[in-house]
Amino acid sequence: MDQELETTKGFVCSHISEHSGYQYRQFLIQSCGRDVSELLHSELLMTTDLISTYPGHEAIWYHRRFVLEHMLRSGSFFAGEFSPTSAETKEDRDTGPEPHALKRTRLESIALGYSSVVSSESDWCASLLCSFSVDSWQQTLVNHHLRWINHSLAKPY
């Protein structure tokens, strides 16, 4: 599975507008029998890099939406663990025990995670809008993504 994901990563990075490569990666992610938190985070970072490097390619945006939605539906993150541009993983942070008074239930963590995702994605999109002032198609794609965030991600599944 890991080898197939690595092979398809090379394909999607060199054929950025070809949606079939992204769809196959989505199939692989959904078929993965293990915890996909790290994989989804690396997918999110990959789409961040591709959108910044190759603005104006709608297929990348659709794959990003799949990744975000899959993260939320699978509970692959908790509040404070989400950043669309950070390569930091859960293992990189201090994993010491949390004081009992600060522990949250899984449901509370997921609810905070939703607001974290919406806020982080909205902030990231705002920064893109500032940097892509010349490319009106990229602006359109960012605005469509913001609309999707507000209508689809803003409410828990």
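Above: the structure in question.
Thresholds, definitions, all that
- Residues numbered from 1 in each chain as written.
- Predicted model: local features only at pLDDT ≥ 70, side-chain atom pairs only at ≥ 80, totals over all residues.
- Heavy atoms only, no water.
- Helix = DSSP H or I, 4+ residues; strand = E, 2+ residues; numbered from the N terminus.
- Contact = heavy atoms within 4.5 Å.
- Areas by Shrake-Rupley, 256 points an atom, 1.4 Å probe, with all protein chains shown as cover.
- Axes fitted to C-alpha atoms, helices over the stretch in contact; angles between N-to-C directions.
- Parallel < 35°, antiparallel > 145°, perpendicular 65-115°, else oblique.
- Left-handed = near helix turned anticlockwise from the far one by under 90°.
- Nonpolar A, V, L, I, M, F, W, Y, C, P; charged D, E, K, R; others polar.

> For this particular structure, what's the right way to read the overall build of the protein?
Each helix and strand counted, the protein has six helices and zero strands in total. Along the chain direction, N to C, the helices and strands of the protein fall in the order α-α-α-α-α-α. Summarising the internal contacts of the protein: among those between residues at least 6 apart in sequence, 72% fall at separations of at least 24. When the accessible surface of the protein is totalled, it reaches about 8800 Å², and 54% of it is carbon and sulfur.

> So what exactly am I meant to see when it comes to the packing of helix α4 (residues 58–74) against helix α6 (residues 136–153) here?
Helix packing geometry: the angle between the two helix axes and the distance between the axes. Relative to each other, α4 and α6 sit at 20°, their axes nearing to 11 Å. With respect to α6, the axis of α4 lies roughly parallel. Where α4 crosses over α6, the two elements pack in a sense that is right-handed. Only Trp137, Gln138, Leu141, Val142, His144, His145, Trp148 and Leu153 of α6 make contact with α4, whose side of the interface consists of Glu58, Trp61, Arg64, Arg65, Leu68, Glu69 and Leu72. Considering only residue class, the contact of α4 with α6 consists of eight nonpolar, three polar and four charged.

> Can you help me understand the packing of helix α2 (residues 19–31) against helix α3 (residues 37–53) in this one?
Put simply, α2 and α3 touch, their axes get as near as 12 Å, and they point 165° apart. Judged on the interaxial angle alone, α3 and α2 are roughly antiparallel. The two elements α2 and α3 cross, and the hand of that crossing is left-handed. Contacts between α2 and α3 involve Tyr22, Arg25 and Ile29 from the former and Leu39, Leu40, Glu43, Met46 and Leu50 from the latter. Residue composition of the contact of α2 with α3, by class: six nonpolar, no polar and two charged.

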